[in-house]
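# Survey of secondary and tertiary structure
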Amino acid sequence: MKKIAALVLALCAAVSVFGQNAGHKFEIGVGYAPFFLEIVEDGVRMPYEGDAYFEWRYDFGNHFDVGAKLDYKYCPVNLFDGNAVSYSGDQHYGALLALADFKFLPGKKVNPFIGIGAGAGFILDVWKSQKVERPEYHDASKDMPLGAKDPTILFVAAPRIGVELFSHLRLSASVDMSPADTRWPVCFNIGWTF
């Protein structure tokens, strides 16, 4: 455990030194998505999503920056299928997005921004348990196997709006939009830029 902590501290120190050079910025953050914009009538229930992310941005020193974001979201998920069986498990979401932001007040203590990310993502469902809800309608041959399903690969667009405080603390809200079934989570994020 001490070796892992020392490695993380050394990595943060190295990234901080690199981040002070030539407009490069790094951000690490977490988020919470308590609701979804897209409603899908497929029997899947997702109460919330938790988020962790890492960003690299190149700041042009004016109103614009560009970069990339590695995003991971997790949520518990339940499914009631047409075979009278309910399943419980986890859903994992990951994405690698190209980013562009517009900053309204660059260099100020309070700097509002808007931006968008776009790129590839995946959804992986891992079913851990099942329960037959209505035995009279159950057909065991139609049961879904437990474990991980094949991941769904998708295109993601993620608009965001937020504010950067004192050039380090970033508070934002974003939406993961996709033509595939991501339910469009609305995520509230807090990040630290260095």
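Residues numbered from 1 in each chain as written. Predicted model: local features only at pLDDT ≥ 70, side-chain atom pairs only at ≥ 80, totals over all residues. Heavy atoms only, no water.

With that settled, the discussion passes to the nonpolar core. As a rule of thumb, nonpolar side chains are buried together in soluble globular proteins. Listed in full, the ten residues of the largest apolar core are F36, V44, M46, C75, V77, L79, V85, Y87, W127 and M144. Here this core takes three residues from strand β4 (residues 64–80), the largest share from any one element. In this structure C75 touches M46, Y48, E49, G89, D90 and Q91, once residues within four positions along its chain are discounted. (Core = buried A, V, L, I, M, F, W, Y, C linked by side-chain atoms within 4.5 Å. Buried < 20%, exposed > 50% of the residue type's maximum accessible area, 1.4 Å probe, protein only. Helix = DSSP H or I, 4+ residues; strand = E, 2+ residues; numbered from the N terminus. Contact = heavy atoms within 4.5 Å.)

Our focus in this paragraph is unusual backbone geometry. Residue S167 is not a glycine yet carries a positive backbone phi of 65°. Secondary-structure assignment places S167 in the loop between β8 (152–165) and β9 (169–175). Relative accessible area serves as the criterion here: at 32%, S167 is assigned to the partly exposed category. Of note, W184 is a non-glycine position whose phi angle comes to about 55°, a positive value. Of note, W184 is situated in the loop between β9 and β10 (185–193). On the basis of relative accessible area, W184 is assigned to the partly exposed category, the value being 25%.

With respect to the secondary-structure elements, E27 resides in strand β1 (residues 24–36). Separated by 2.7 Å, the side chains of E27 and R57 make a polar contact. Polar contacts involving the side chain of E27 include one to the side chain of R170, which spans 2.8 Å. Here E27 is in contact with Y53, F54, E55, R57, R170, G191, W192 and T193, once residues within four sequence places are set aside. (Polar contact = N/O pair within 3.5 Å; in protein donor to acceptor, adjacent residues only side chain to side chain.)

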